[in-house]
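Commentary on secondary and tertiary structure
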Amino acid sequence: MGLLTGRLVAEFGLRSSGDLFHDMFSTKPHHISNISPQHIQGCALHEGEFGVPGSVIIWNYAIDGKANVAKEIVEAIDVENKSITFSVIEGDLTKEYKTFKLTIDIVPKGEIDVVKWTIDYEKLHESVPEPIKILEVAIHVTKDIEAHHLKA
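To keep things clear, this report deals only with the structure shown in the data block. (Residues numbered from 1 in each chain as written. Predicted model: local features only at pLDDT ≥ 70, side-chain atom pairs only at ≥ 80, totals over all residues. Heavy atoms only, no water.)

1. Quick word on the nonpolar core
Ranked by internal contacts, the top residues of the largest apolar core, which has 38 residues, are Phe21, Phe25, Trp59 and Trp117. In terms of residue count, helix α3 (residues 132-151) provides more of this core than any other element does, six residues in total. With sequence-adjacent residues up to four places away left out, Trp117 is seen in contact with Leu8, Val9, Ala10, Phe21, Phe25, Leu102, Thr103, Ile104, Leu135, Ala138 and Thr142. (Core = buried A, V, L, I, M, F, W, Y, C linked by side-chain atoms within 4.5 Å. Buried < 20%, exposed > 50% of the residue type's maximum accessible area, 1.4 Å probe, protein only. Helix = DSSP H or I, 4+ residues; strand = E, 2+ residues; numbered from the N terminus. Contact = heavy atoms within 4.5 Å.)

2. Details of the sheet that holds strand β7 (residues 112-123)
The pairing of strands in a sheet comes from backbone hydrogen bonds and takes either a parallel or an antiparallel form. Here we have seven strands laid out as an open sheet, ordered β1-β7-β6-β5-β4-β3-β2, and antiparallel in their pairing. With partners counted over all chains shown, the strands left at the sheet margins are β1 (5-14) and β2 (40-47), one partner each. Along the sheet, successive strands turn relative to each other by an average axial angle of 25 degrees, direction set aside. In this sheet, strand β4 (residues 66-78) lies alongside strand β3 (residues 56-63) in antiparallel orientation, the contact comprising eight bridges. Residue pairing in the sheet places Ile58 in a bridge with Lys71 of β4. With respect to the sheet, α3 is in contact with β1, β2, β3, β6 (97-109) and β7, its orientation differing from that of β1 by roughly 20 degrees. (Pairing = 2+ DSSP bridges. Axes fitted to C-alpha atoms, helices over the stretch in contact; angles between N-to-C directions.)

3. Considerations on the environment of Ile132
You can see Ile132 is positioned in helix α3. A relative accessible area of 45% places Ile132 in the partly exposed class. Residues Ile132 and Val74, 58 residues apart in the sequence, show an inter-C-alpha distance of 22 Å.

4. Details of helix α1 (residues 18-27)
Because an α-helix completes one turn every 3.6 residues, residues spaced three or four positions apart along the sequence face the same direction. Of the residues making up α1, those classed as buried are Gly18, Phe21, His22, Met24, Phe25 and Ser26. The opening residue of α1, the one whose side-chain oxygen lies 3.0 Å from the backbone nitrogen of Asp19, is Ser17. (Polar contact = N/O pair within 3.5 Å; in protein donor to acceptor, adjacent residues only side chain to side chain.)

5. A closer look at the environment of Pro53
Its place among the elements puts Pro53 in the loop between β2 and β3. Taking the C-alpha atoms as reference points, Pro53 and Ile77, separated by 24 residues in sequence, lie 6.2 Å from one another. Once residues lying within four places of it in the same chain are set aside, the contact partners of Pro53 are Val74, Glu75, Ala76 and Ile77.

6. Considerations on the packing of α1 against α3
Closest axis-to-axis distance for the α1/α3 pair is 11 Å, and the angle between their directions is 120 degrees. Classified by the angle their axes make, α1 and α3 are oblique. In the crossing of α1 with α3, the sense of the turn from one axis to the other is right-handed. Residues Leu20, Phe21, Met24 and Phe25 of α1 pack against Val141, Thr142, Ile145 and His149 of α3. Across the contact of α1 with α3, the residue classes tally to six nonpolar, two polar and no charged. (Parallel < 35°, antiparallel > 145°, perpendicular 65-115°, else oblique. Left-handed = near helix turned anticlockwise from the far one by under 90°. Nonpolar A, V, L, I, M, F, W, Y, C, P; charged D, E, K, R; others polar.)

This is how it looks when you write it as structure tokens:
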């Protein structure tokens, strides 16, 4: 019997400011669909307010061209340490995962900031794949946000 729980981590060095990246996900996630429309089609506030833990956000995103929806609660925002954590509470991911938590950290490494994406999950059953496709979307969105910030 295989493990049902897991963790995926990806790190991406930024040439732009980690502060801008953290601010985008913590207080302006609704702007991401304008910056990365091929991956994020929408981000709407369902409950609370952007930038406040406990708020609920609905994401419309695409994986391999297929439309998906995730309703997430903002578990934590740490401005000082530039960290934000979301937990999926409804949507397509809940069809395959019992728990799905996404944490975005900005980690200073020498002269640059690094975006660290961490996905902690528990699959509903062994045949569910690891959420590598979600991590790939996160990396694409990171690149799109960085390109946007470098143009500004």
